[in-house]
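# Fold and contact review
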Amino acid sequence: MKEKNKRKKQQAASGKNYTGLVLTCIMTAIAVIYVGFAIYFESHFCFGTSIDGIAVGGSSVEKVEDAFRTEMKNYQLTVTAREDKNGTIAGSDIDMEPVFQGEIETLLNEQNGFSWLIRMFQKQEFELEKVVSYDEQKLNEAVSNLPCMKDQRTPVDATYADYTKENGYALVPADYGTEVDAAKVKKAVSDAILVLDETVDLEQSDCYRKPAVGDDDKDLLDLIDTLNQYVGVTITYDFGDDKEVLDGTTISTWLSEGTDEKVSIDEEEVLAFVKTLAKKYNTAYSPKELKTSYGTTVTVTGGFYGWRIDNSGEVEQILADLKAGKDVEREPVYLTTANSHGEHDYGDSYVEINLTNQHLFLYKDGKLVVESDFVSGNLAKGHDTPTGAFGLTYKTMNAVLRGPDYETPVTYWMPFNGDVGMHDATWRNKFGGSIYKTGGSHGCINLPASAAKKIYETIDKGYAVLVYRMPGDNPTVVQQPQADVPSVINAISIIGPVTLESETAIVNARNMYNSLSDADKAQVTNYDTLTAAEAALAALKAQQPDQSQPQDQGQQPDQSQPQDQGQQPDQNQPQDQGQQPDQSQPQDQGQQPDQSQPQDQGQ
């Protein structure tokens, strides 16, 4: 039994020794293999290593060099260019050879062969600074023979097309051409060859010459936007029933590219356009046809009344409208305006002054407001009142009219032609007839106070004043305007408080009333006012001395029917010479009065 156990112990010990021996052999083999590979990788590159894209794992320096030589024998570089002008350069074309200057040995020495096991699981990629050489002259020839170097097209700058109504100003894209920078091409090719790249793209390598102005040039795009802003504006002018449209078709002819790619507007061309409008629509200084209150039609010449465009002001407004970039509908900028557009720019509100008959009519909205005799400029002294169409310059009360040797206060002063105007003349007790021929003013329209007051209350700055003479040498007998019920009621209502100066208005109203039919007379609601005014006037006359009965009854004009201007001057002209201005000093009728010191060139 003991012997048997002893044998078992010997067998177990023998087994353990055998296992230890096997393990020792295995470990020894592994160590030998590891050391063997470590020694091997001292002269060979580890697995997973590449140089300049060539796999060199397990290769010696000599084998790596052979691999480079083999690759260079088959090397070919593809040069990609615009418009399919691609080309190739083979290594053999330029005597391409590898150059080894110890870089491969250095990489191998830095490898540490004993780390081969770790490096098996790591990729090692290396690039050499320079591994090839080539013939410089042959490279130059190869580059110059590339298709992209032939028939090059010079780039053309981006710009904008001429204006069209459909597209405005549109971008004309740049022609980028095919012209290359030869030095950049050679460098791009050389750089690719040195690292054995198979392709080089000249576009990506920035080898092409560029236009100075490209499609995305900010200044150009801003310029086009500004041009289109200007031509996109439409200005619609209102001339009453007529319209004039200024749009891109005309505006585009004014525009050009100025300095620093800014839009320049030819203001002379803008002014020419404004002058064209003015020539077509200005009515100032042009003759006016007037159907007079006597039924005849006269041509009123002279004077400044009418529409007149402010040329410089309108140019400035157009430029402002263009810069604002918005459509507008408006009137032009005017220096002077009138009542209406069309054939008669004075409309139906105006003062009609008939110098031949020394009679005045004031119309407002087509209705007669005032009718009165007056005294105009002294013909004998050369102070004739100028004819023409004018606009009231201004109006003021309690003015002092000054001349070379007189100062005369008036209550109502209404100048319309320089220092010629309408005003009350309280120093006169007669108006109309032929007084003006030898006893007239320096050119102003002398009026009864009641008529001057009513005119003053009705008109304002710019009101049309039409001054004319009837054709022929002799005055025309005043014909009362066509009467109807409303005009008679109006004629009675404007009489106002009765004074001796109300006689003209009262006689006029009576004559108009008498011309009505019996049926129409019954519709005059204020007839009692007329009869009361007539009675009041008669009472005032009865209180007056013989001034109401002029010495020469044959010379006394009927205030309701102005007399023939061929009659002798009225001898009943007021004699207060202290109020009469110096008639021997004619003034310049065209001068503008000092508004702070009103002038009467003929009181």
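Residues numbered from 1 in each chain as written. Predicted model: local features only at pLDDT ≥ 70, side-chain atom pairs only at ≥ 80, totals over all residues. Heavy atoms only, no water.

## Observations concerning the overall build of the protein chain
For the protein chain, the helix and strand inventory stands at 16 helices and 28 strands. Across the 603 residues in the protein chain, those meeting the buried criterion constitute 45%. The contacts in the protein chain between residues at least 6 apart in sequence include a share of 71% that link residues at least 24 apart. Summed over its atoms, the accessible surface of the protein chain is roughly 31100 Å², and 49% of this surface lies on carbon and sulfur atoms. (Helix = DSSP H or I, 4+ residues; strand = E, 2+ residues; numbered from the N terminus. Buried < 20%, exposed > 50% of the residue type's maximum accessible area, 1.4 Å probe, protein only. Contact = heavy atoms within 4.5 Å. Areas by Shrake-Rupley, 256 points an atom, 1.4 Å probe, with all protein chains shown as cover.)

## Some points on the pattern of salt bridges
Applying the stated criterion across every chain yields a total of 21 salt bridges. Among the salt bridges present, the one from E244 reaches K280, with a minimum N-O distance of 2.6 Å. Within this pair, whereas E244 is found in strand β12 (residues 242-246), its partner K280 is found in helix α9 (residues 267-281), the two being separated by 36 residues in sequence. Residue class for K280 comes out exposed when judged on its relative accessible area of 56%. Several salt bridges share partner residues, and in doing so they unite E83, R153 and D175 into one network. (Salt bridge = Lys/Arg side-chain N within 4 Å of Asp/Glu carboxyl O.)

## Here we look at the sheet that holds strand β3 (residues 76-80)
Spatially, three strands are ordered β4-β3-β10 in an open sheet, and the strand pairing comes out mixed. This sheet does not close on itself; its edge strands, each paired only once, are β4 (87-90) and β10 (199-201). On average, adjacent strands in this sheet sit at an angle of 20° to one another, irrespective of strand direction. Where β3 lies against β10, three bridges are found, and the strand directions are parallel. (Pairing = 2+ DSSP bridges. Axes fitted to C-alpha atoms, helices over the stretch in contact; angles between N-to-C directions.)

## Quick notes on the side chain of S349
Inspection of the secondary structure puts S349 in the loop between β19 (334-336) and β20 (350-354). Excluding its chain neighbours within four sequence positions, the residues that come into contact with S349 are N339, Y363, K364, D365, Y463 and A464.

## Observations concerning helix α12 (residues 449-458)
Turning to α12, its buried residues are A449, A451, A452, I455, Y456 and T458. The secondary structure elements touched by the buried residues of α12 are β21 (359-364), β22 (367-373), β24 (396-403), β25 (406-417), β26 (420-424) and β27 (445-447).

## With respect to the environment of M470
As for its placement among the helices and strands, M470 is situated in the loop between β28 (464-468) and α13 (485-493). For the pair formed by M470 and T299, sequence separation is 171 residues and the distance between their alpha carbons is 9.4 Å.

## With respect to a negative patch on the surface
Together, E71, E125, E127, D197 and E198 make up a region of like negative charge exposed at the surface. Relative to the assigned elements, E127 resides in the loop between β6 (124-126) and β7 (132-133). (Patch = residues over 30% accessible without salt bridge, like charges linked within 9 Å, V, L, I, M, F, W, Y side chains within 5 Å. Lys, Arg positive; Asp, Glu negative; His and termini not counted. Charge placed at Lys NZ, Arg CZ, Asp CG, Glu CD.)

## Side note on the sheet that holds β26
The strands that make up a sheet pair up through hydrogen bonds in the backbone, lying either parallel or antiparallel. The strand order across the open sheet formed by four strands is β24-β25-β26-β27, and the pairing between neighbours is mixed. Both outer strands of the open sheet, β24 and β27, are each paired with one neighbouring strand and no more. Strand-to-strand, the axes of this sheet are offset by a mean angle of 45°, without reference to chain direction. One ladder, built from three bridges, connects β26 with β27; its direction is parallel. Directly across from D424, in β27, lies its bridge partner L447.

## Side note on the nonpolar core
Counting residues in each nonpolar core, the largest one holds 51 residues, and the members touching the most others are W254, L255, I265 and I318. Elements that contribute at least two residues to this core include exactly α7 (218-231), β11 (235-239), β14 (263-265), α9, β16 (297-300), α10 (311-324), β21 and β28. The residues contacting W254, other than those within four sequence positions of it, are L246, S264, I265, D266, E269, V270, F273, I318 and L322. In terms of nonpolar packing, the next biggest core, distinct from the first, is built from 36 residues, I51, F68, V200 and C207 among them. (Core = buried A, V, L, I, M, F, W, Y, C linked by side-chain atoms within 4.5 Å.)

## Focus: the packing of helix α14 (residues 503-514) against helix α16 (residues 527-543)
Two numbers describe how α14 lies on α16: the axes approach to 10 Å, and their chain directions differ by 140°. Comparing the axis directions of α14 and α16 gives the class oblique. Relative to α16, α14 is oriented so that their crossing is left-handed. The segment α14 lies against α16, with E503, I506, A509, R510 and Y513 engaging Y527, L530, T531, A533, E534, L537 and K541. The residue inventory of the contact of α14 with α16, partitioned by class, reads seven nonpolar, one polar and four charged. (Parallel < 35°, antiparallel > 145°, perpendicular 65-115°, else oblique. Left-handed = near helix turned anticlockwise from the far one by under 90°. Nonpolar A, V, L, I, M, F, W, Y, C, P; charged D, E, K, R; others polar.)

## Observations regarding the pairing of β4
Where β3 and β4 come together, four bridges link them in antiparallel fashion. Note on β4: the bridge partner recorded for L77 is I89. Hairpin connection, β3 to β4: the antiparallel pair is bridged by six residues, and E83 has positive phi, about 55°.

## Some points on the packing of aromatic side chains
Per the counting criterion, the structure on display carries 15 aromatic pairs. Taking 6.4 Å as the distance between ring centres and 20° as the angle between the ring planes, the aromatic pair formed by F361 and Y363 counts as stacked. Across the ring face of Y208, the terminal group of R82 is positioned such that the distance to the ring centre comes to 4.0 Å. (Phe/Tyr/Trp six-rings, centres within 6.5 Å; stacked < 30°, edge-to-face > 60°. Lys NZ or Arg CZ within 6 Å of the ring centre and 35° of its normal.)

## Quick notes on helix α5 (residues 136-144)
Residues of α5 that are buried include every one of L139, A142 and V143, and no others. Relative to the axis of α5, the buried residues are bounded by an arc of 100° and lie together on one face. Buried residues along α5 sit in contact with β4 and α6 (182-194). One side-chain oxygen at the N-terminal end of α5 lies 2.9 Å from the backbone nitrogen of Q137; it belongs to D135. (Arc of directions from axis to C-beta. Polar contact = N/O pair within 3.5 Å; in protein donor to acceptor, adjacent residues only side chain to side chain.)

## Description of the pairing of β12
Here β11 pairs with β12 via five bridges, running antiparallel. Along β12, the bridge assignment pairs F239 with D242. A loop of two residues connects β11 with β12, the two strands running antiparallel in sequence, and G240 in this loop sits at a positive phi of about 65°.

## A closer look at unusual backbone geometry
Phi is positive for E83, close to 55°, though the residue is something other than glycine. Inspection of the secondary structure assignment puts E83 in the loop between β3 and β4.

## Considerations on a nonpolar patch on the surface
There is a patch of nonpolar side chains on the surface, built from Y18, V22, L23 and I26 and spanning about 390 Å² of accessible area. Among the secondary structure elements, Y18 is positioned in helix α1 (residues 2-40). By relative accessible area, Y18 is classed as exposed at 57%.

## Here's the deal with the confidence of the model for the protein chain
Looking at the protein chain, the pLDDT average stands at 82 and 78% of residues meet or exceed 70. Mean pLDDT values for the elements of the protein chain range from 53 in helix α4 (residues 116-119) up to 98 in β20. Low pLDDT, under 50, characterises residues 473-481; the predicted model gives this stretch 32 contacts beyond four residues in sequence or across chains. (pLDDT = per-residue confidence, 0-100.)

## Description of the environment of G421
Summarising the element assignment, G421 is placed in strand β26. For the pair G421 and N446, spaced 25 residues apart in sequence, the C-alpha separation works out to 8.7 Å. Ignoring anything within four residues of it in the chain, the contact list for G421 reads W413, M414, P415, F416, C444 and I445.

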